[in-house]
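Understanding the architecture of this molecule
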Amino acid sequence: MGKKKVELKRIQNPTSRHATFYKRKGGLLKKAFELSVLCDAEVALIIFSETGKIYEFASHGDVTTILEKYRIQTETTRNALSSSLQEVSAPV
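Residues numbered from 1 in each chain as written. Predicted model: local features only at pLDDT ≥ 70, side-chain atom pairs only at ≥ 80, totals over all residues. Heavy atoms only, no water.

A short note on a nonpolar patch on the surface
A cluster of nonpolar side chains, namely Ile46, Phe48, Ile54 and Leu67, defines an oily patch on the protein surface of about 370 Å² accessible area. Summarising the element assignment, Ile46 is placed in strand 1 (residues 44–48). Given the relative accessible area of 35%, Ile46 is considered partly exposed. (Patch = residues over 30% accessible without salt bridge, like charges linked within 9 Å, V, L, I, M, F, W, Y side chains within 5 Å. Areas by Shrake-Rupley, 256 points an atom, 1.4 Å probe, with all protein chains shown as cover. Salt bridge = Lys/Arg side-chain N within 4 Å of Asp/Glu carboxyl O. Helix = DSSP H or I, 4+ residues; strand = E, 2+ residues; numbered from the N terminus. Buried < 20%, exposed > 50% of the residue type's maximum accessible area, 1.4 Å probe, protein only.)

What follows is the structure, given as structure tokens:
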């Protein structure tokens, strides 16, 4: 017998919502850690609670370092894509 499917909608009861948030936050942090260890992946996770509290996880260094690496990588990829599109659309 499998687990009962949970209907994904906002939990109306504030106490239940708070408890569910903390349980799921813990599970998500654990999965992020496991992914980083098992696959040697760089993982950054940022969670904002309903009250505005911030929770962070970084597998290597800190979140800022990983986010900067992400920013540089996406900027480089975007520039390379833009250059290749200009080459394709340029008249020959």
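Anyway, onward from the coordinates.
Points about the pattern of salt bridges
Applying the stated criterion across every chain yields a total of six salt bridges. As a salt-bridge pair, Lys31 and Glu34 come within 3.9 Å of each other at their nearest N and O atoms. Pair noted here: Lys31 and Glu34 are both in helix 1 (residues 14–39), with a separation of three residues, about one helical turn. Its relative accessible area of 56% is what places Lys31 among the exposed residues. Residue Glu34 is classed as partly exposed on the basis of its relative accessible area of 27%. Put simply, Lys69 and Glu42 hold a salt bridge, and the shortest N to O gap is 2.3 Å.

A short note on the packing of aromatic side chains
Applying the stated rule across the entire model yields three aromatic pairs. Residues Phe21 and Tyr55 carry aromatic rings whose centres are separated by 6.1 Å and whose planes lie at 50° to one another, so their mutual orientation is tilted. Separated by 34 residues along the polypeptide, Phe21 in helix 1 and Tyr55 in strand 2 (residues 54–58) bring together distant segments of the chain. The exposure class assigned to Phe21 is partly exposed, which follows from its relative accessible area of 23%. Look at Tyr55 and you get buried, because its relative accessible area is 12%. (Phe/Tyr/Trp six-rings, centres within 6.5 Å; stacked < 30°, edge-to-face > 60°.)

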